[in-house]
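Observations on chain architecture
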Amino acid sequence: MNMPLPPDQRDDLSAPGRLGNWVAGRIEAFAHTARHPLFWVGAREMSGISVGLTAWSFMTGVAMVKSGMTLTEAVLMSLLVFAGSAQLAVIPLLAAGAPLWVILAAAFCVNLRFVVFSLHLREYFMFLPRAKRLWLGYFTGDVTYVLYTRRFPKPAETERQRRAQMAYLWGGNCCNWVFWQTFSMLGIFLGAALPERWGLEFTGTLALLAVTCSLAATRLRAFSALVSAAAAVVLFSLPYRLNIVAAIAVAVALCLFIEPKLQPPSGGRGGPRCVKPMAGRCW
Amino acid sequence: MRETDGWTLLVIVGMTAISVITRSFFFISEREWRLPDWAQRGLQYAPIAALAAVIAPDLVLTDGVIGNLLKDARVWSGLAAAAFYFWRRHWSFALVGAIAVGMAVFLPLRILLNW
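Please read these numbers as outputs of a predicted model, since none were measured by experiment. (Residues numbered from 1 in each chain as written. Chains lettered and ligands numbered in written order. Predicted model: local features only at pLDDT ≥ 70, side-chain atom pairs only at ≥ 80, totals over all residues.)

Observations regarding the overall build of chain A
A count of helical and extended segments in chain A gives 12 helices and 0 strands. Overall, chain A shows an N-to-C arrangement of helices and strands of α-α-α-α-α-α-α-α-α-α-α-α. Taken across its 283 residues, chain A has 42% of its residues classed as buried. For chain A, long-range pairs separated by at least 24 residues make up 72% of all intrachain contacts whose partners lie at least 6 apart in sequence. (Helix = DSSP H or I, 4+ residues; strand = E, 2+ residues; numbered from the N terminus. Buried ≥ 20, exposed ≤ 12 C-beta atoms within 10 Å, placed from the backbone. Contact = placed C-beta atoms within 7 Å.)

The following block contains the structure:
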């Protein structure tokens, strides 16, 4: 669409004028990125995977609204939190009235995989000012991270490469966001119309179960899951859903305790830690 | 349906902050820094532990106690989903397939047999 550009008002110092200038600047910067051919390459490569993830986002929407959240809460959570497994994980905690810190601790633990990714992305993003780094980090999910670091095994060195890399990453991120939010909204509004008796909120539990299985890439991780599951059930009578926090602590502590005993004595650091299939590198 | 309450909105704001912090964790600060060794190793085991801790009570507990697991739609559905996932784990639709299989087991048991 060709819209007539408003006259340049850089010397207008009123608050709305500056806000308008700022918004226009952001839109121009985005259009600049979107005109880069790699933006559309990133979007196209992401779209294939996004189609597979639609069922996932749809179910997250259904599970949120079926757990007793209002439409407003579910829509806001989807738009703001934008982290499927963390959303699914806090649904039962919210419904049980767990305290805020327990809910946030659970969300943080589920999101810890992003912490691993951020260590890798640091060298790619450090040239940006902090606000832009955080903005970009927030929109970079699991799949776009994997595609991006697969396509660019090394951080950009020149301005031209940086532009290309950012265009590719934003292409994937935009595609991911649009697909995710669209199907999440569909799930929220269609889910609200489906009968209570079907127990459709159970899709959320199943979705988390599937992610848990996919994370069980090593025997110790599977052990961590089993210990944690058993502890969470045994300690269920603890108040404030503290069983979740306690179970995580017990499982992680046990794994850290056992891990050195399982490593071959000569292998040192590289052993069972090097198996994360998603992370682009070993650490 | 109940009213939107401020507490849930607070949870949503807090979780948004968690999303930003975890995704940007190592590039929030300009300074180069590392986690202590035990924490770095713990990153391997904490996410799966958190997910397992959340779902296990939802799969086996009824009102806080373990009920009759053999007549529980959730247990059979969970077993079916996990079995499907490990059978087809290299398939690109393994995750979605596992959820579909789980629901295909869950819905008839829940709706027809009331398990």
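Some remarks on the overall build of chain B
Across its full length, chain B holds 5 helices and 2 strands. The helix and strand sequence of chain B, counted from the amino end, reads α-α-α-β-β-α-α. Against the compact-globule benchmark of 13 Å for 115 residues, chain B has a radius of gyration of 20 Å, which places it well outside the compact range. Within chain B, the fraction of its 115 residues that count as buried is 39%. (Rg over C-alpha atoms; globule rule 2.2 N^0.38 Å.)

Side note on the interface of chain B and chain A
At the junction of the two partners, chain B supplies 63 residues and chain A supplies 81 residues. If one sorts the elements of the side of chain B that touches chain A by residue count, helix α3 (residues 46–60) of chain B sits on top with 15 residues. Residues that form the side of chain B that touches chain A fall into these classes: 42 nonpolar, 14 polar and 7 charged. (Nonpolar A, V, L, I, M, F, W, Y, C, P; charged D, E, K, R; others polar.)

Topic: the nonpolar core
If you look at the biggest cluster of nonpolar residues, it comprises 108 residues, and the most contacted ones within it are Ala-89, Ala-106, Ala-210 and Ile-248 of chain A together with Ala-49, Ala-50 and Ala-53 of chain B. Ranked by residues supplied to this core, first place goes to helix α2 (residues 37–66) of chain A with 12 residues. Excluding residues within four positions of it along the chain, Ala-49 of chain B makes contact with Ser-224, Ala-225, Ser-228, Ala-247, Ile-248, Ala-251 and Val-252 of chain A. (Core = buried A, V, L, I, M, F, W, Y, C linked by C-beta atoms within 7 Å.)

Side note on the domain arrangement of chain B
Domain annotation of chain B identifies domain 1 (1–61) and domain 2 (68–115). Centre-to-centre separation of domain 1 of chain B and domain 2 of chain B, based on C-alpha positions: 27 Å. (Domains from an automatic or database assignment.)

Some thoughts on unusual backbone geometry
Only a minority of non-glycine residues have a phi that is not negative, and only a minority of peptide bonds are not trans. Phi at Phe-82 of chain A is positive, roughly 50°, even though this residue is not glycine. Structurally, Phe-82 of chain A is set in the loop between α3 (71–81) and α4 (84–95).

Notes on the domain arrangement of chain A
Residues and elements named next belong to chain A. When the domains of chain A are assigned, the result is domain 1 (32–198) and domain 2 (216–275). Counting residues at the interface gives 8 residues for domain 1, matched by 6 residues for domain 2. Its residues assigned to classes, the side of domain 1 that touches domain 2 comprises 8 nonpolar, no polar and no charged.

Looking at the packing of helix α10 (residues 202–215) of chain A against helix α5 (residues 94–111) of chain B
Between α10 of chain A and α5 of chain B, the least distance of the axes is 9 Å, while the angle of their chain directions is 140°. The angle between α10 of chain A and α5 of chain B places the two elements in the oblique class. Between α10 of chain A and α5 of chain B lies a crossing of right-handed hand. From α10 of chain A, Phe-202, Thr-203, Leu-206, Ala-207, Ala-210, Cys-213 and Ser-214 of chain A reach across to α5 of chain B, where they touch Leu-95, Ala-98, Ile-99, Gly-102, Met-103 and Phe-106 of chain B. Residue composition of the contact of α10 of chain A with α5 of chain B, grouped by class: 10 nonpolar, 3 polar and no charged. (Axes fitted to C-alpha atoms, helices over the stretch in contact; angles between N-to-C directions. Parallel < 35°, antiparallel > 145°, perpendicular 65-115°, else oblique. Left-handed = near helix turned anticlockwise from the far one by under 90°.)

Describing the confidence of the model for chain A
Here chain A averages 84 in pLDDT, and 88% of its residues register 70 or above. Scored below 50 in pLDDT, residues 266–283 of chain A shows 23 contacts in the model against residues more than four places distant or in partner chains. (pLDDT = per-residue confidence, 0-100.)

Quick word on the packing of α3 of chain A against helix α1 (residues 6–24) of chain B
One way to put it is that α3 of chain A packs onto α1 of chain B with a least axis distance of 9 Å and a crossing angle of 15°. Considering the angle they form, α3 of chain A stands roughly parallel to α1 of chain B. The element α3 of chain A and its partner α1 of chain B pack so that their crossing is right-handed. In this structure, α3 of chain A contributes Glu-73, Leu-76, Met-77, Leu-80 and Val-81 of chain A to the contact, and α1 of chain B contributes Thr-8, Ile-12, Met-15, Thr-16 and Ser-19 of chain B. The residue inventory of the contact of α3 of chain A with α1 of chain B, partitioned by class, reads 6 nonpolar, 3 polar and 1 charged.

Topic: helix α11 (residues 219–234) of chain A
Along its 16 residues, α11 of chain A runs 22 Å from first to last C-alpha, staying within 8% of the 22 Å computed at 1.5 Å per residue. Looking at α11 of chain A, one finds that the buried residues are Leu-220, Arg-221, Ser-224, Ala-225, Val-227, Ser-228, Ala-229, Ala-231 and Ala-232 of chain A. Buried residues along α11 of chain A sit in contact with α10 and α12 (242–262) of chain A together with α3 of chain B. (Expected span 1.5 Å × (residues − 1).)

Digging into α3 of chain A
Residue and element names in this part refer to chain A. Buried within α3 we find Glu-73, Ala-74, Met-77, Ser-78 and Val-81. On an axial view of α3, the arc spanned by its buried residues comes to 130°, and they lie on one face. Taken from the residues just after α3, Phe-82 is the one with a positive phi, measuring 50°. (Arc of directions from axis to C-beta.)

Some thoughts on the confidence of the model for chain B
Any residue range with low pLDDT should be treated as having predicted coordinates unsuitable for detailed reading. Mean pLDDT for chain B: 87, with 98% of residues reaching 70 or above. Of the two predicted TM-score estimates for the complex, the pTM is 0.75 and the ipTM is 0.85.

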